[in-house]
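Below are the chains, spelled out letter by letter.
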Amino acid sequence: MEIFETVAEIRNTVKKWKKNGLTVGLVPTMGYLHEGHASLVKESVRNNDKTVVSVFVNPAQFGPGEDLASYPRDFGRDKAMLEALGADAVFHPSADEIYGGNPLTKVYVEEMSSVLCGKTRPVHFGGVAAVVSKLFNIISPDKAYFGLKDYQQFRIICKMARDLNFDIEIIGMPIVRDKDGLALSSRNVYLKPEEREAALSLNKSLGIAEKMAENGERSAAKIINAVKSAIEAYAAAKIDYVNIVDPENLKDIDTLTGPSALMLAVYVGNARLIDNRIIGS
Ligand code: AMP
């Protein structure tokens, strides 16, 4: 496994692979890897000749006052994990390598980026779209892997790839959870042991909603109320939003008429946790 820090070097390597007819999978990450990331890497290794994993804490997707400086990092551990998973290359650039030269171009997927997490994090998805479009142009992968844990991000990337004609297959991978049901996230390190139970209310409330939909409940408002009560039962949990949206365009829906995305963001202590489930299918 090789480590690349510059755009020119990773580009040259990928070009050589492609000249030899090899297929390339890309897994973009911010590092501090866990089994959720590993599931994406494994899928890429299984389905491509070569796998590139980017490890880059992208400053553009953090707003003022967010956790850019304290975001957990451990590149040594990430490297060992990626080597064991069979990744072929790690792209680990500096912020200057990616954003040097005073870029003036913005990539922003309208409508989908200003709802849900975009309301509390207005710069976030513009930063995500900027870095992912750069990675797509630098690596030119055949396939790119994203987790459905970040469902809004996944849908925004799918739309961006379509709008901008990226010739890349975007693949969404299921949410990987801890044994107790908490969705794995690098940010879970912010949770204190005594906050764990409140954090589990997200997955529990998704289960309640899923059952309601299975039992025929079609009112989004009723399901949302039940989800909110299940979360608010824990004093340490503070809801940012609970919405039920169209799974493709992320617009709110009132009545479930098919698969619908239940989307949650909840503050627990210093952590802002997100989770989601497709219900009513
Ligand atoms: P991050 O390093 O948090 O930017 O995540 C990098 C990629 O891993 C994104 O596509 C995430 O959606 C995905 N990912 C993070 N956590 C999980 C998880 N628990 N299950 C599946 N994918 C995940």
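Each residue is numbered by its place in its chain's sequence as written, counting from 1. For this predicted model, a pLDDT threshold of at least 70 governs which residues receive local features, and a threshold of 80 or more governs which side-chain atom pairs are given and counted, while totals over whole chains, interfaces and linings are taken from all residues. For side-chain calculations, the full set of non-hydrogen atoms in the structure is used, while hydrogens and water are omitted.

**Student:** Would you take a moment to explain the overall build of the protein for this structure?
**Tutor:** On a plain count of helices and strands, the protein comes out with 9 helices and 9 strands. By the compact-globule yardstick of 19 Å for 281 residues, the protein fits well, its C-alpha radius of gyration being 19 Å. Every one of the 281 residues in the protein was classed for burial, and the buried ones make up 51%. Exposure was quantified through the Shrake-Rupley algorithm and a 1.4 Å probe, taking into account, for residues, occlusion by the shown protein chains and nothing else. When the accessible surface of the protein is totalled, it reaches about 13,400 Å², and 49% of it is carbon and sulfur. We score Asp and Glu as negative and Lys and Arg as positive, and we do not count His or the chain ends. Charged side chains are reduced to one point each, which is NZ for Lys, CZ for Arg, CG for Asp and CD for Glu. Side-chain charges of the protein comprise 34 positive and 36 negative groups, with the mean position of each set lying 1 Å from the other. Going along the chain from the N terminus, every DSSP run of H or I of four or more residues is numbered as a helix, and every run of E of two or more is numbered as a strand. In this setup the radius of gyration rests on C-alpha atoms only. A globule is expected at 2.2 Å times the number of residues raised to 0.38. For every residue, the accessible area obtained with a 1.4 Å probe (protein chains only) is divided by the maximum for its type, and the residue is called buried under 20%, exposed over 50%, and partly exposed between those limits.

**Student:** It is not clear to me how the nonpolar core should be interpreted in this structure. Could you clarify?
**Tutor:** Taken as a class, soluble globular proteins show a tendency for nonpolar side chains to be buried jointly. For our purposes a nonpolar core is just a set of buried Ala, Val, Leu, Ile, Met, Phe, Trp, Tyr and Cys residues, chained together by side-chain atoms within 4.5 Å. Ile-10, Val-52, Phe-91, Phe-136, Ile-139 and Ile-170 are the most contacted members of the largest nonpolar core, which totals 44 residues. Contributing elements (two or more residues each) for this core: helix 1 (7–19), strand 2 (24–29), strand 4 (89–91), helix 6 (124–139), strand 5 (143–147), helix 7 (151–163), strand 7 (237–245) and strand 8 (260–268). Top contributing element to this core by residue count: helix 6, with 9 residues. Contacts were defined at the residue level, with two residues in contact if any of their heavy atoms lie within 4.5 Å. Setting aside residues no more than four positions away along its own chain, Ile-170 makes contact with Phe-136, Ala-144, Phe-146, Phe-154, Ile-157, Cys-158 and Ala-161. The next biggest cluster of nonpolar side chains, apart from the first, holds 30 residues, and it includes Val-57, Leu-182, Ala-198 and Ala-220.

**Student:** Sorry, what's going on with the pattern of salt bridges here?
**Tutor:** For side chains bearing opposite charge, pairing can occur when the charged atoms are close. Definition used for salt bridges: Asp or Glu carboxyl oxygen within 4 Å of a side-chain nitrogen of Lys or Arg. Under the definition given, this model contains 15 salt bridges. For Lys-143, the salt bridge identified is with Glu-169, shortest N-O distance 3.7 Å. With Lys-143 in strand 5 and Glu-169 in strand 6 (residues 169–173), this pair connects stretches of sequence that are 26 residues apart. Residue classification places Lys-143 among the partly exposed residues on the basis of a relative accessible area of 22%. Close ionic contact of Arg-196 with Asp-180 constitutes a salt bridge, the shortest N to O distance being 2.8 Å. Linking Arg-196 in helix 8 (residues 196–214) with Asp-180 in the loop between strand 6 and helix 8, this pair joins segments that are 16 residues apart in sequence. The class of Arg-196 is partly exposed, set by a relative accessible area of 27%.

**Student:** What exactly am I supposed to notice about helix 1 here?
**Tutor:** What sets the pattern is the α-helix's 3.6 residues per turn: residues three or four places apart point alike. The terminal C-alpha atoms of helix 1 lie 18 Å apart, and with 13 residues this matches the ideal 18 Å at 1.5 Å per residue to within 8%. Regarding helix 1, the residues found buried are Val-7, Ile-10, Thr-13, Val-14 and Trp-17. Projected onto a plane normal to the axis of helix 1, the buried residues spread over an arc of 140 degrees and lie on a single side. Structural note: helix 1 exposes Lys-15, Lys-16 and Lys-19 on the side pointing more than 90 degrees away from its buried face. Buried-residue contacts for helix 1 involve strand 1 (2–4), strand 2, strand 3 (50–55), strand 4, helix 4 (95–99) and helix 6. How far a helix is expected to stretch is found by multiplying one less than its residue total by 1.5 Å. What the arc covers is the set of directions going from the helix axis to the C-beta atoms.

**Student:** Would you take a moment to explain the sheet that holds strand 8 for this structure?
**Tutor:** The strands making up a sheet associate through backbone hydrogen bonding, with each pair oriented either parallel or antiparallel. Think of it this way: DSSP has to see at least two bridges between two strands before they count as a pair. Spatial strand order, 7-8-9: 3 strands in an open sheet with antiparallel pairing. Edge positions in the sheet fall to strand 7 and strand 9 (271–279), since each of these pairs with one other strand and no more. For this sheet, the mean angle separating the axes of adjacent strands, direction not counted, is 15 degrees. In this analysis an axis means a line fitted to C-alpha atoms, helices contributing only their contacting stretch, and an angle means the value between N-to-C directions, from 0 to 180 degrees. Along the sheet, helix 7 makes contact with strand 7, strand 8 and strand 9, crossing strand 8 at roughly 130 degrees. Set on the sheet, helix 8 makes contact with strand 7, strand 8 and strand 9; between it and strand 9 the angle comes to about 15 degrees.

**Student:** Before we go on, may I ask you to explain the environment of Gly-126 in this structure?
**Tutor:** Here Gly-126 lies in helix 6. Taking the C-alpha atoms as reference points, Gly-126 and Asp-163, separated by 37 residues in sequence, lie 15 Å from one another. Non-local contacts of Gly-126, meaning those with residues more than four positions away in its chain, are made with Val-107 and Tyr-108.

**Student:** Before we go on, may I ask you to explain the site of the ligand in this structure?
**Tutor:** Of all residues adjacent to the ligand, which total 17 residues, the nearest are His-37, Gly-147, Asp-150, Val-176 and Leu-184. Think of a polar contact as two N or O atoms within 3.5 Å of one another; within protein, one of them needs to be a possible hydrogen donor and the other a possible acceptor, and neighboring residues in sequence only count if both atoms come from side chains. His-37 is positioned with one of its side-chain polar atoms (N or O) 2.9 Å from an oxygen atom of the ligand. When the free accessible area of the ligand is taken as 480 Å², the share hidden by the protein chains comes to 93%. Looking at the shell around the ligand, the elements with two or more residues in it are strand 2, helix 2 (35–47) and strand 5. If you tally residues by element for the shell around the ligand, the top one is helix 2, at 3 residues. Class assignment of the residues belonging to the shell around the ligand gives a composition of 9 nonpolar, 6 polar and 2 charged. We call a residue near a molecule or strand as soon as one heavy atom of that residue lies within 4 Å of the molecule or strand. Any residue outside Ala, Val, Leu, Ile, Met, Phe, Trp, Tyr, Cys, Pro, Asp, Glu, Lys and Arg is labelled polar, Gly included; the first ten of those are nonpolar and the last four are charged.

**Student:** Hey, could you run me through the environment of Val-27 in this one?
**Tutor:** Its location among the elements puts Val-27 in strand 2. Residue class for Val-27 comes out buried when judged on its relative accessible area of 0%. Separated by 15 residues in sequence, Val-27 and Asn-12 have C-alpha atoms that sit 18 Å apart. Once residues within four sequence positions are removed from consideration, Val-27 is found in contact with Leu-40, Val-41, Ser-44, Thr-51, Val-52, Val-53, Ser-54 and Tyr-145.

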